[in-house]
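Per-entry structural report
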Amino acid sequence: MPLSPYSNFITITTNLRLRTLFILIRKWTIKHYSIAAFGLFLLFSFVFLIRSNSHSQYDTHSLLNFIPFTPLTNAKQIGALCLDGTAPGYHFQKGFGSGSTNWLLHVEGGGWCNSISSCSYRKMTALGSSKYMNTTVLFSGILSSAPSENPDFFNWNKVKIRYCDGASFAGHPESEKGSGLFFRGQIIWEAIMDELLSIGMSKAKQALLSGCSAGGLATLIHCDSFRQLLSKEATVKCLADAGFFLDEKDILGNSTMKSFYHEVVQLQGVAKSLHIDCLAKMEPSKCLFSSEILKNIKTPVFLVHPAYDFWQIHNILVPEGSDPHGRWKSCRLNINNCDANLIDILDSFRNSLLKTVNEFQQRKEIGMFIDSCFIHCQTLMGETWHSPNSPKINDKTIAESVGDWFFDRQVVKLIDCPYPCNPTCHNMDFTKV
């Protein structure tokens, strides 16, 4: 079935934006790269959404499911501010029917800023200022209200929390020191939780806190405190989508990600939001890695993660500047272009992920869906969350697997075979930009 005229217009417009953004990515330094890479992912995601709703036999309700932005009430009075001092906020869709007392929260991702310079740049974007945020956003995938696209959570109260602090909702104002920036991530988190409690979340019987990328990391950081906000009788769980960042060295043997996290923690005072038991054993930036956070979480957690996460390949394994001879240039853009030697390195990176998550295999309350796709977040797109063409492991979509885990239908520990064994993957192809 061909795309509709509306879909064609969106796709053409998006492709032009993709080309412009991709040119900028090539010119920007690593301090801006996480913003650019995530922006590129979001644009690709939007194309996926249009094509998903145009080609699938699933209903097209999600195409009309645009939800308005709600700025946080009294943000300035309580000091809950984005990097530039504007009010943070969220998008809220009220639940109905059997889902009216259940809540699903999704935390937006978008990398981090690790210096005054990168945070100053960031505050001129939607990831640092509500001035640049869209007034409405499309609720799809795990936020969809279409039962065909989101069978277990379609009628829940759903919230998308916008991300504008640059430190996974874990910054503290004591670190601002006249920088002209507002490091208020923790305050924003607490203020938004208070507001959601006041509009009905306090009565939740079931709740799922989810997040993508840096939002997935925020989900892990705040998972146990979120659980404590709700009734002891409520079923409360957390889901991190592409939020399991690895403490691995890059191809030159440098600890690029560890150094980056150290700068984020130092700049925004993130240590105050990290687990005290971890801080007693190691330096704070180590405690920001997902594996260390997960060791101390008591609330049930589900990990949705691609073993060939393009963001981690681009920023942890082969960051900008680590490949001066361009050996990885084509491979970084499309995993199908990787030769056997590079695939071996990618497989070793995958093995590091599997070794890290292996210690959580014995914990029944921790579920996982680790596919072998070259992608990043997968829960917000209907095409990858739950559709006839979704990535599957053992014939289960991500949505089905998360539902099985959340409702205790079965223990879910799904780990895919190595690339390229899974034909259902939606692998990103940056050469088409």
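What you are looking at is a predicted structure, and each value in this text was computed from that prediction instead of being measured.

Quick word on the overall build of the protein chain
Looking only at helices and strands, the protein chain has 14 helices and ten strands in total. Each of the 433 residues in the protein chain was classed as buried or not, and the buried ones make up 61%. Residue pairs in contact within the protein chain that sit at least 24 positions apart in sequence constitute 75% of those at least 6 positions apart. In the form shown here, the protein chain has an accessible surface area of approximately 17000 Å², with 54% of it arising from carbon and sulfur atoms.

Considerations on the sheet that holds strand S5 (residues 157–161)
Reading across the sheet, the ten strands line up as S4-S1-S2-S5-S3-S6-S7-S8-S9-S10 and stay open at both edges, with mixed pairing between neighbours. The sheet is open, and its two edges are formed by strand S4 (136–138) and strand S10 (413–415), each paired on a single side. Taking the axes of each pair of neighbouring strands and ignoring which way they run, one obtains an average angle of 20 degrees across the sheet. With six bridges joining them, strand S8 (residues 301–306) and strand S9 (residues 366–371) adopt parallel strand pairing. Bridge pairing in S9 places His305 opposite Ile370.

Thoughts on the packing of helix H10 (residues 310–317) against helix H12 (residues 340–358)
As a packed pair, H10 and H12 sit with axes 12 Å apart at the nearest point and diverge in direction by 100 degrees. As far as their axial angle goes, H12 and H10 are roughly perpendicular. When H10 is examined against H12, the residues Gln312, Ile313, Ile316 and Leu317 are found in contact with a partner set consisting of Ile345, Leu346 and Phe349. Class assignment for the residues of the contact of H10 with H12 results in six nonpolar, one polar and no charged.

Here's the deal with the confidence of the model for the protein chain
Confidence along the protein chain averages 89 in pLDDT terms, with 85% of residues attaining 70 or more. In the predicted structure, residues 1–33 sits below a pLDDT of 50 and forms 47 contacts with residues beyond four places in sequence or in another chain. Note that residues 46–63 has pLDDT below 50 and, in this model, 47 contacts with residues that lie over four places away or in other chains.

Section: the pairing of S9
In terms of burial, S9 is a largely internal element, six of the six residues being buried. Alternating positions in S9 separate into two faces, Ile366, Met368 and Ile370 on one and Gly367, Phe369 and Asp371 on the other, with burial throughout. Two elements, S9 and S10, share three bridges in a ladder whose sense is parallel. When the bridges of S10 are listed, Phe369 appears paired with Leu414.

Examining the packing of helix H5 (residues 185–198) against helix H6 (residues 214–229)
Relative to each other, H5 and H6 sit at 30 degrees, their axes nearing to 12 Å. What the angle tells us is that H5 and H6 run roughly parallel. Between H5 and H6 lies a crossing of right-handed hand. Residues Gln186, Trp189, Met193 and Leu197 of H5 lie in contact with H6, whose contacting residues are His222, Ser225, Phe226 and Leu229. By residue class, the composition of the contact of H5 with H6 is five nonpolar, three polar and no charged.

With respect to the nonpolar core
Leu105, Trp112 and Leu346 are the most contacted members of the largest nonpolar core, which has 93 residues in total. The residues contacting Leu346, other than those within four sequence positions of it, are Tyr308, Ile313, Leu317, Trp328, Cys331, Ile335 and Cys338. Residues Ile142, Leu143, Ala399 and Leu414 belong to the second largest nonpolar core, which totals 22 residues.

Focus on the packing of aromatic side chains
Overall, the coordinates contain 21 aromatic pairs when judged by the stated rule. On the basis of an interplanar angle of 10 degrees and a centroid distance of 5.4 Å, the ring pair of Phe92 and Trp103 is categorised as stacked. Of this pair, Phe92 sits in strand S2 (residues 89–93) while Trp103 sits in strand S3 (residues 102–107), and the two are eleven residues apart along the sequence. With relative accessibility at 2%, the residue Trp103 sits in the buried group.

Structural notes on the state of the cysteines
Per the counting criterion, the structure on display carries eight disulfides. Between Cys223 and Cys238 runs a disulfide, and the two sulfur atoms are separated by 2.2 Å. Torsion about the S-S bond of the Cys223 and Cys238 cystine: about 100 degrees, corresponding to right-handed handedness. You can see Cys223 sitting in helix H6 and its partner Cys238 sitting in strand S7 (residues 235–241), a full 15 residues away along the chain. This pair shows no difference in class: Cys223 is buried, exactly as Cys238 is. Each sulfur of the disulfide joining Cys373 and Cys425 lies 2.0 Å from the other. On the sign convention where negative is left-handed, the bridge of Cys373 and Cys425, at about -80 degrees about the S-S bond, is left-handed. Of this pair, Cys373 sits in the loop between S9 and helix H13 (382–385) while Cys425 sits in the segment after S10; the two residues are 52 residues apart in sequence, bridging distant segments of the chain. Residues Cys373 and Cys425 agree in their burial class; the two are buried.

Analysis parameters
Residues numbered from 1 in each chain as written. Predicted model: local features only at pLDDT ≥ 70, side-chain atom pairs only at ≥ 80, totals over all residues. Heavy atoms only, no water. Helix = DSSP H or I, 4+ residues; strand = E, 2+ residues; numbered from the N terminus. Buried < 20%, exposed > 50% of the residue type's maximum accessible area, 1.4 Å probe, protein only. Contact = heavy atoms within 4.5 Å. Areas by Shrake-Rupley, 256 points an atom, 1.4 Å probe, with all protein chains shown as cover. Pairing = 2+ DSSP bridges. Axes fitted to C-alpha atoms, helices over the stretch in contact; angles between N-to-C directions. Parallel < 35°, antiparallel > 145°, perpendicular 65-115°, else oblique. Nonpolar A, V, L, I, M, F, W, Y, C, P; charged D, E, K, R; others polar. pLDDT = per-residue confidence, 0-100. Left-handed = near helix turned anticlockwise from the far one by under 90°. Core = buried A, V, L, I, M, F, W, Y, C linked by side-chain atoms within 4.5 Å. Phe/Tyr/Trp six-rings, centres within 6.5 Å; stacked < 30°, edge-to-face > 60°. Disulfide = S-S within 2.5 Å.

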